[in-house]
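# Commentary on secondary and tertiary structure
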Amino acid sequence: FKHYILGHPLPFDRHDWIIVRPDTGEEQRYVIDYYYDESRAKTTAESAMPALTDREAVQSILVDVRPALDGVQSLVQRAVVMPMARRGIMSSVVKETEFTPLPLQPTTHMKTQVQESLQVWEN
């Protein structure tokens, strides 16, 4: 969707994570995509070796985390619950977080990476 409809490059890496919900014991699979946006990269000497605990060190790596579409429940979580929680509409599911979701529209620089990302995934 992000690539074909919105024009994002393909992610440079993808992971599937399975978590067990502590309240229900139910397993939930998440898809995590990693994108690179060079326009957000730092060029300082310190940015070459950031500390592992420095959340601001690698701003050029963008992360897109979402429930995998394994069924109707995950579709509802992805299409309704997540957007409402991000906007603070569903206070019962809002958690304290500093996570910033991947922008819906790609940056100008990310748009220039589409062809390169296609070539990487072909290999």
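Preceding this section is the structure that the text describes.
A brief report on the enclosed structure follows. The numbers attached to residues start from 1 for each chain and follow its sequence in the written order. With the structure being a predicted model, the display of local features is reserved for residues of pLDDT at least 70 and the display and counting of side-chain atom pairs for 80 or more, all residues being used for whole-chain, interface and lining totals. Heavy atoms from the whole structure form the basis of all side-chain values; hydrogens and water molecules are not counted.

### Structural notes on the environment of H8
Here a strand is any run of E in DSSP of at least two residues, a helix any run of H or I of at least four, and the numbering for each starts at the N terminus. Looking at the secondary structure, you find H8 in the segment before β1 (13-20). Each residue is assigned to one of three classes by its accessible area relative to the maximum for its type, calculated with a 1.4 Å probe on protein chains only: buried under 20%, partly exposed between the two thresholds, exposed over 50%. A relative accessible area of 0% means that H8 is categorised as buried. Separated by 104 residues in the primary sequence, H8 and T112 place their C-alpha atoms 9.3 Å from one another. Note on definitions: a residue-residue contact is assigned when non-hydrogen atoms from the two residues lie within 4.5 Å. Setting aside residues no more than four positions away along its own chain, H8 makes contact with K2, H3, Y35, L102, P103, L104, Q105, P106, M110 and V114.

### Topic: a nonpolar patch on the surface
Together, F1, Y4, I5 and L104 make up an exposed nonpolar region whose accessible area comes to about 570 Å². Here Y4 shows up in the segment before β1. Excluding any residue in a salt bridge, patches collect residues exceeding 30% relative accessible area, merging like charges within 9 Å and nonpolar Val, Leu, Ile, Met, Phe, Trp and Tyr side chains within 5 Å. Computed with the Shrake-Rupley method and a 1.4 Å probe, the accessible areas treat only the protein chains shown as cover for residues. By salt bridge we mean one thing: a side-chain nitrogen of Lys or Arg within 4 Å of a carboxyl oxygen of Asp or Glu.

### Some points on the sheet that holds strand β3 (residues 61-67)
Pairing is antiparallel in the open sheet, where 3 strands are placed in the order β1-β2-β3. This sheet does not close on itself; its edge strands, each paired only once, are β1 and β3. Adjacent strand axes in the sheet meet at a mean angle of 25° when their direction is disregarded. For two strands to be treated as a pair, DSSP must find at least two bridges joining them. Here β1 runs beside strand β2 (residues 27-36); their pairing, made up of 8 bridges, is antiparallel. For H15, the partnering residue across the bridge sits in β2 and is I32. Interaxial angle, 0 to 180 degrees, is taken between N-to-C directions of lines fitted to C-alpha atoms, where a helix line uses only the stretch in contact.

### Description of the side chain of R66
On the secondary structure map, R66 appears in strand β3. The class of R66 is buried, set by a relative accessible area of 12%. Nitrogen and oxygen atoms within 3.5 Å of one another constitute a polar contact, given that in protein one can donate a hydrogen and the other can accept it, and given that sequence-neighbouring residues count only through two side-chain atoms. Polar contacts involving the side chain of R66 include one to the side chain of D33, which spans 2.8 Å. Polar contacts involving the side chain of R66 include one to the side chain of D64, which spans 3.1 Å. Filtering out sequence-adjacent residues up to four positions away, R66 remains in contact with R14, Y30, V31, D33, R78 and M82.

So, to be careful, I would describe these as geometric facts and stop short of saying anything about function.
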